[in-house]
Amino acid sequence: MDIEIRTTTPYSDQKPGTSGLRKKTRVFLERPNYLENFVQSIFDCLPDRQGKTLVLGGDGRFYNLQALQTILKMAVANGFGTLLVGQHGLLSTPAASHLIRKYKALGGIVLSASHNPAGPDGDFGIKYNIQNGGPAPESYTNAFYQRSRTITEYKIAKMPDLDLGQLGEFKCGDTLVRIIDPVSDYAQLMAHLFDFERIRAALRSGAVSVCFDAMHAVTGPYAKRILEEELGAAPGSVINAEPKEDFGGGHPDPNLTYAKVLVEKMYRPDAPTLGAASDGDGDRNMILGQRFFVTPSDSLAVLAANAHRVPGYRQGLCGVARSMPTSRAVDRVAEAFGIPCYETPTGWKFFGNLLDAGKITLCGEESFGTGSDHVREKDGLWAVLFWLNLVVASRQPVAAIVRDHWRRFGRHYYSRHDYEALDNALAQEILAQLRAKCPKLAGQRLGSYTVALADDFCYTDPVDGSITPGQGIRILLEPEARLVFRLSGTGTEGATLRIYLERYESDPSRHDLDPQEALAELIALAESLSAVKARSGRAGPDVVT
């Protein structure tokens, strides 16, 4: 096998965010060696790569297959012993995490920009997952970035493209390339965690029905295999099931704004028992009942409170964790069960240490991500199967399960307002001014609330003691409510300012308010503190969830 060493010029903008390196697709297409530079930078920071196993796959978006062929050839040139590649280049992010763990791989490269749109004018991303199956922590990503700023050459094998549609093994020099079924290992794991026999009986009898919207993204093949073929859901229960390079022209973000087909179906008189959707790379989820939306924060709390109903979690939970902006609904469950609840920065990598140390079993983020110790990523289809198992085990519809939860623990009214593609300088200025106000806010009266605490969240990892500052402005109010302001790290154009609003309601007679109505005073307070509408000229947020 001939190996070429090609010269290249470094780029200064290859700093990974919370989920790897994400850019407009044209950046990868039009800048010479942009992909190669970053991949070689990753490999250069893995000195123990010789002879090791690497997992490769992606969400099927535009440029996925072309990029995989390049990465395959570079991995061969860089001495990896075995490459596990999803057939047709497909691997959901949670499935990739499982493969890394199951086959004791050194790590994996996942090609995805998650819930961001795809196509030549859309987004593309690449991230590295480490040996535990989780996203690379900052010690890795900082090293990748530093290397990318000085790189002068990369290695690539002179070999033809491989047929990634053909299952089997191919010997490329000293490297064994295995093209594997992307679904089978993951499906086996799900069968171990959930009561497939009982779910199958309920679906086949018609006692329970489901509609899963794959949004023309990577979970289509997974959901078809598991829900329809293995569990017996009616044909057509999985909609938009075929992965497409442009996600069918849609925005693969499973929320009420973008999953319109599913939402309309779930609000019809003949709606199925459970509605669900996942995103581009399969790590996010949206849960719906008949004419009922489950917020991601409520979903995490309900799963934690009912985990004993699910075979894989009957031994109990050792602890739970949520990202700081996520509502505090799960905190009340943890308190009732006498287990720890950890508050982390946004970014799944922060849950990794807690999971590896055995401190938590379930974890989640408000941005439609939930997961457990079965992998080291959030997992969309896993969450759907968890909910399906709960519906079958409890013999209750989704809305009844959530309302029972509110009666027991109280309701946390919660919403997120996104201002997308703001001018970066303006967004940074808004955050800076809020940060400057924090020391003076404590004890102040704001409408019907009193400020108990105002700070810029700083996280100290309880496992390794590492400190992560500057994770978002939080304003804690009494009686129990919160405002949180932070910039998203997943966009590729401008800045996205996210405002999180939360207030607790213990009175069951007040659990049926519209969330925006229930949070109206907090929405007004957020504008008075940040002036984001006034300063940006926006009439309101671009997305409300």
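Residues numbered from 1 in each chain as written. Predicted model: local features only at pLDDT ≥ 70, side-chain atom pairs only at ≥ 80, totals over all residues. Heavy atoms only, no water.

### Regarding the overall build of the protein chain
When helices and strands are counted, the protein chain shows 18 helices and 27 strands. Of the accessible surface of the protein chain, which amounts to about 20000 Å², a share of 48% is contributed by carbon and sulfur atoms. On the protein chain, the mean spot of the 60 positive side-chain charges and the mean spot of the 64 negative ones are 2 Å from each other. (Helix = DSSP H or I, 4+ residues; strand = E, 2+ residues; numbered from the N terminus. Areas by Shrake-Rupley, 256 points an atom, 1.4 Å probe, with all protein chains shown as cover. Lys, Arg positive; Asp, Glu negative; His and termini not counted. Charge placed at Lys NZ, Arg CZ, Asp CG, Glu CD.)

### Structural notes on the pattern of salt bridges
Enumeration over the complete set of coordinates arrives at 37 salt bridges. For Glu4, the salt bridge goes to Arg6, with nearest N and O atoms at 2.6 Å. The class of Arg6 is partly exposed, set by a relative accessible area of 34%. Residues joined by salt bridges that share partners form a network here, namely Arg322, Asp331, Glu343, Asp455, Arg474, Arg482 and Glu502. (Salt bridge = Lys/Arg side-chain N within 4 Å of Asp/Glu carboxyl O. Buried < 20%, exposed > 50% of the residue type's maximum accessible area, 1.4 Å probe, protein only.)

### Observations concerning empty space enclosed by the protein
By the definition in use, this model includes four cavities of 30 Å³ or more. Empty space within the second largest cavity amounts to approximately 90 Å³. Lining of the second largest cavity is provided by 15 residues; of these, Gly20, Lys127, Tyr128, Ala136 and Thr141 occupy positions nearest its centre. At the level of secondary structure, the elements contributing two or more residues to the lining of the second largest cavity comprise strand 6 (123–129) and helix 5 (138–148). Of the residues belonging to the lining of the second largest cavity, the class tally is eight nonpolar, five polar and two charged. (1 Å grid on protein atoms, 1.4 Å probe; cavity = no way out; pocket = protein on both sides within 12 Å on 5 of 7 lines; lining within 4 Å. Points joined across faces, edges and corners; volume = space filled by probe spheres on them. Nonpolar A, V, L, I, M, F, W, Y, C, P; charged D, E, K, R; others polar.)

### A few points about the nonpolar core
Core analysis: the largest hydrophobic core is formed by 75 residues, its most contacted members being Met190, Phe194, Leu362, Trp382, Phe386 and Trp387. When sequence neighbours within four positions are dropped, the list of residues in contact with Phe386 reads Phe194, Leu303, Ala307, Val310, Tyr313 and Leu362. Tyr11, Leu56, Leu83 and Tyr154 belong to the second-largest nonpolar core, a separate cluster that totals 43 residues. (Core = buried A, V, L, I, M, F, W, Y, C linked by side-chain atoms within 4.5 Å. Contact = heavy atoms within 4.5 Å.)

### Here's the deal with the sheet that holds strand 26 (residues 495–505)
Strand order in this open sheet of seven strands is 20-21-24-25-26-19-27, and the pairing throughout is antiparallel. With one partner strand each, in any of the chains shown, strand 20 (445–446) and strand 27 (543–544) form the two edges of the open sheet. Here helix 15 (residues 424–441) sits on the sheet and contacts strand 19 (411–422), strand 21 (449–456), strand 24 (473–478), strand 25 (481–487) and strand 26; the angle it forms with strand 25, its principal contact strand, is near 145°. (Pairing = 2+ DSSP bridges. Axes fitted to C-alpha atoms, helices over the stretch in contact; angles between N-to-C directions.)

### Quick look at the pairing of strand 9 (residues 175–180)
By the bridge criterion, five bridges tie strand 4 (residues 82–90) to strand 9 in an arrangement that is parallel. Residue pairing for strand 9: Leu83 is matched across the bridge by Val177. In this structure, strand 8 (residues 168–172) lies alongside strand 9, joined through five bridges in antiparallel fashion. Of the residues in strand 9, the one forming a bridge with Lys171 is Leu176. Counting the residues between successive antiparallel strands, the hairpin from strand 8 to strand 9 contains two residues, one of them, Gly173, with a positive phi of roughly 60°.

### Points about the packing of aromatic side chains
In this description, a pair of aromatic rings is defined by centroid distance and the angle of the planes. Scanning the entire structure with this criterion turns up 19 aromatic pairs. Here the aromatic rings of Phe28 and Phe124 are separated by 5.1 Å at their centres, their planes lie at 70°, and the arrangement is edge-to-face. Linking Phe28 in helix 1 (residues 25–30) with Phe124 in strand 6, this pair joins segments that are 96 residues apart in sequence. Residue Phe28 shares its accessibility class with Phe124, and that shared class is buried. Three or more aromatic residues link up through ring pairs in this structure, and these residues are Tyr11, Phe28, Tyr34, Tyr63 and Phe124. Taking NZ or CZ as reference, Arg332 lies 3.6 Å from the ring centre of Tyr504, over its face. (Phe/Tyr/Trp six-rings, centres within 6.5 Å; stacked < 30°, edge-to-face > 60°. Lys NZ or Arg CZ within 6 Å of the ring centre and 35° of its normal.)

### A word on the sheet that holds strand 17 (residues 362–365)
Taken in spatial order, the four strands line up as 16-15-17-18 in an open sheet, and their pairing is mixed. Of all strands in the sheet, those bounded by a partner on one side alone are strand 16 (341–344) and strand 18 (369–372). With direction set aside, neighbouring strand axes in the sheet form an average angle of 15°. Bridge count between strand 17 and strand 18: four bridges; the pairing is antiparallel. If you follow Leu362 over to strand 18, its bridge partner there is Ser372. Contacts between helix 11 (residues 329–337) and the sheet are confined to strand 15 (320–323) and strand 16, with strand 15 contributing the most and set at about 165° to the helix. Strands in contact with helix 13 (residues 380–394) are strand 17 and strand 18; relative to strand 18, the strand with the most contacts, it is inclined by about 80°.

### Some points on a positive patch on the surface
Taken together, the side chains of Arg198, Arg309, Arg314 and Arg395 define a basic patch exposed on the protein surface. Residue position: Arg198 is located in helix 7 (residues 196–205). (Patch = residues over 30% accessible without salt bridge, like charges linked within 9 Å, V, L, I, M, F, W, Y side chains within 5 Å.)

### What about the environment of Arg538?
Secondary-structure assignment places Arg538 in the loop between helix 18 (532–536) and strand 27. Counting along the chain gives 119 residues from Arg538 to Tyr419, while the straight-line C-alpha distance between them is 8.4 Å. Residue contacts for Arg538: discarding those within four places in its chain leaves Tyr419, Glu420, Ala421, Leu422 and Lys533. Reaching out from Arg538, the side chain makes a polar contact with the backbone oxygen of Glu420 at a distance of 2.9 Å. One polar contact links the side chain of Arg538 to the main-chain carbonyl oxygen of Ala421, over a distance of 3.4 Å. (Polar contact = N/O pair within 3.5 Å; in protein donor to acceptor, adjacent residues only side chain to side chain.)

As far as function goes, none of this settles anything; it's purely spatial.
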